[in-house]
Amino acid sequence: MTTSDALRAQLRLPLFAAPMFLVSGPDLVIAAARAGIIGSFPTPNCRTTADMEAWMARITEETAGFGSGEDHSTKLWSANLIVHRTNARLAEDVALVKKYRPPIVITALGSPRAIVDDVHDYGGLVFADVNGIAHARKAAAAGVDGLVLVCAGAGGHTGRIAPFAFVPEVRKFFDGMLIVSGAMTDGRAVAAARALGADFGYAGTRFIACAESMAPEAYRQMVVDAEIDDLVLTSALTGALASMLRPSVREAGFDPDALVEGSTAGYTHKTSENRAWKSVWSAGQGVGSINSVKTVAEIVDDFAREYEAALAAL
Ligand SMILES: Cc1cc2nc3c(=O)[nH]c(=O)nc-3n(C[C@H](O)[C@H](O)[C@H](O)COP(=O)(O)O)c2cc1C
């Protein structure tokens, strides 16, 4: 049995609830684990390391017994570490990762090299989030177990490559696990990712509009109301290409049709960046198919039904 088979055997369907800045917290992670998928949260969502310790202790305690391993002790969840040089808290976050041992660590915005051994030492797996081929090659060379391919259509800091190209290109040089991310809002898309040869799907935007997300009510409603044409792709807000909801750009006082590209603002830990994500909201291209706020359990039920039907129809 491969590691990928072993992970999937513990899940209802091969899906991650993707980490989202200011959106994913312990309620979402715990509900995801209990529903049979893998939940995750970015560690900068915890304002302090004390908060992070409390979150990880709670997640460990409240997911215990919900796994589908023989003794029901297996529980899959993931912490997302921002391995960017501007993350001044990285060393403290890594110390807590070593203490609470999330089975999976997802790295973003930099090289995973510095943390791979720490996670492997306690038996965890490392997935690196990448949005291009050069980045994927570097992460593969750093010894990760898997890559998250952030494809065109993804929410947050998005990708530019179509999944139909990204998966086979990366398969040329990497035989570890692959996760496909971008506009995955139903179970048919997870089946499509499997048909492409990837191991898992990764859905962010669908989980913004869930009962357990930390997103403000107005943000959830905007996701429910928005159609694909309500998105604007811009690097003006954070310096990196991001998929943003036009109504929120307008409400924050910017003209979505006159954004000045090429800002060089840093990432999550900078106050300016914080303000950007707090007042200007992001969604991926699957936003048009989200029509109501549901619980994580209801969303996973939908995904599982659609996934099985799509596999049966292939
Ligand atoms: C509001 C928002 C915040 C995000 N924040 C992060 C983050 O902190 N770290 C990260 O690795 N990815 C982040 N992402 C990207 C997601 O993990 C995932 O790749 C993306 O949401 C998948 O595309 P989808 O939204 O179309 O499903 C974010 C996405 C959104 C929508």
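Residues numbered from 1 in each chain as written. Predicted model: local features only at pLDDT ≥ 70, side-chain atom pairs only at ≥ 80, totals over all residues. Heavy atoms only, no water.

## Quick notes on the overall build of the protein chain
Across its full length, the protein chain carries twelve helices and eleven strands. Its C-alpha atoms give the protein chain a radius of gyration of 18 Å, near enough to 20 Å, the size a compact globule of 314 residues would have. Taken along the three principal axes of its C-alpha coordinates, the protein chain extends 55 × 45 × 40 Å. Looking at the protein chain residue by residue over its 314 residues, the buried ones come to 55%. Considering only residue pairs separated by 6 or more positions, the protein chain has 65% of its internal contacts joining residues 24 or more positions apart. Element-wise, carbon and sulfur atoms account for 51% of the exposed surface of the protein chain, whose accessible area totals about 13,100 Å². On the protein chain, the mean spot of the 28 positive side-chain charges and the mean spot of the 35 negative ones are 4 Å from each other. (Helix = DSSP H or I, 4+ residues; strand = E, 2+ residues; numbered from the N terminus. Rg over C-alpha atoms; globule rule 2.2 N^0.38 Å. Buried < 20%, exposed > 50% of the residue type's maximum accessible area, 1.4 Å probe, protein only. Contact = heavy atoms within 4.5 Å. Areas by Shrake-Rupley, 256 points an atom, 1.4 Å probe, with all protein chains shown as cover. Lys, Arg positive; Asp, Glu negative; His and termini not counted. Charge placed at Lys NZ, Arg CZ, Asp CG, Glu CD.)

## Thoughts on the domain arrangement of the protein chain
Under the domain assignment used here, the protein chain contains domain 1 (3-213 + 290-313) and domain 2 (217-286). Here domain 1 and domain 2 have C-alpha centroids that lie 22 Å from each other. Taken residue by residue, the interface counts 28 residues in domain 1 and 23 residues in domain 2. Across the interface of domain 1 and domain 2, roughly 2,200 Å² is buried in total on both sides, 68% from carbon and sulfur atoms. Its largest share of buried area at the contact with domain 2, domain 1 owes to Phe21, His157 and Ile208, together 27% of the area lost on that side. Inspection of the domain 1/domain 2 interface yields zero salt bridges. Here the residues of the side of domain 1 that touches domain 2 sort into 14 nonpolar, twelve polar and two charged. (Domains from an automatic or database assignment. Buried area = accessible area lost by both parts, 1.4 Å probe. Salt bridge = Lys/Arg side-chain N within 4 Å of Asp/Glu carboxyl O. Nonpolar A, V, L, I, M, F, W, Y, C, P; charged D, E, K, R; others polar.)

## Concerning the site of the ligand
In the neighbourhood of the ligand, 23 residues make up the surrounding shell, with Pro19, Phe21, Ala183, Gly204 and Thr205 lying closest. Contact distances for the ligand include 3.2 Å between an oxygen atom and a side-chain N or O atom of Ser181. Ala183 has a polar backbone atom sitting 2.8 Å from an oxygen atom of the ligand. Against a free-state accessible area of 600 Å², the protein chains account for coverage of 97% of the ligand. Of the residues contributing to the shell around the ligand, the split by class is twelve nonpolar, ten polar and one charged. Inspection of the shell around the ligand shows a minimum of three residues originating in each of domain 1 (3-213 + 290-313) and domain 2 (217-286). (Near = heavy atom within 4 Å. Polar contact = N/O pair within 3.5 Å; in protein donor to acceptor, adjacent residues only side chain to side chain.)

## Some details on the nonpolar core
In this structure, Leu147 and Leu245 are the most contacted members of the largest nonpolar core, which totals 77 residues. Of all the elements, helix α12 (residues 296-313) adds the most residues to this core, at seven residues. Residues within four places of Leu245 in sequence aside, it is in contact with Tyr219, Met222, Val223, Ala226, Asp230, Leu231, Trp281, Ser282, Ala283 and Val287. Counting residues in hydrophobic clusters, the runner-up holds 17 residues, among them Ile104, Leu125, Val148 and Val150. (Core = buried A, V, L, I, M, F, W, Y, C linked by side-chain atoms within 4.5 Å.)

## A closer look at the environment of Gly286
Position of Gly286 relative to the elements: it lies in the loop between α11 (271-279) and α12. Not counting residues within four places of it along the chain, the set of residues in contact with Gly286 comprises Ala183 and Thr185.

## What about the sheet that holds strand β10 (residues 231-234)?
Taken in spatial order, the three strands make up an open sheet running β7-β11-β10, and their pairing is antiparallel. The open sheet has two edge strands with one neighbour each: β7 (156-157) and β10. The pairing of β10 with strand β11 (residues 242-245) spans four bridges and is classified as antiparallel. Bridge assignment links Leu233 to a residue of β11, and that residue is Ser243. (Pairing = 2+ DSSP bridges.)

## Here's the deal with the pattern of salt bridges
Pairs can form between side chains of opposite charge whenever their charged atoms are close. Applying the stated criterion across every chain yields a total of 13 salt bridges. Measuring nitrogen to oxygen at the nearest pair gives 3.0 Å for the salt bridge that ties Arg188 to Asp186. By relative accessible area, which is 17% here, Asp186 ends up buried. One salt-bridge network, in which partners are shared between bridges, spans Asp27, Arg58 and Glu62.

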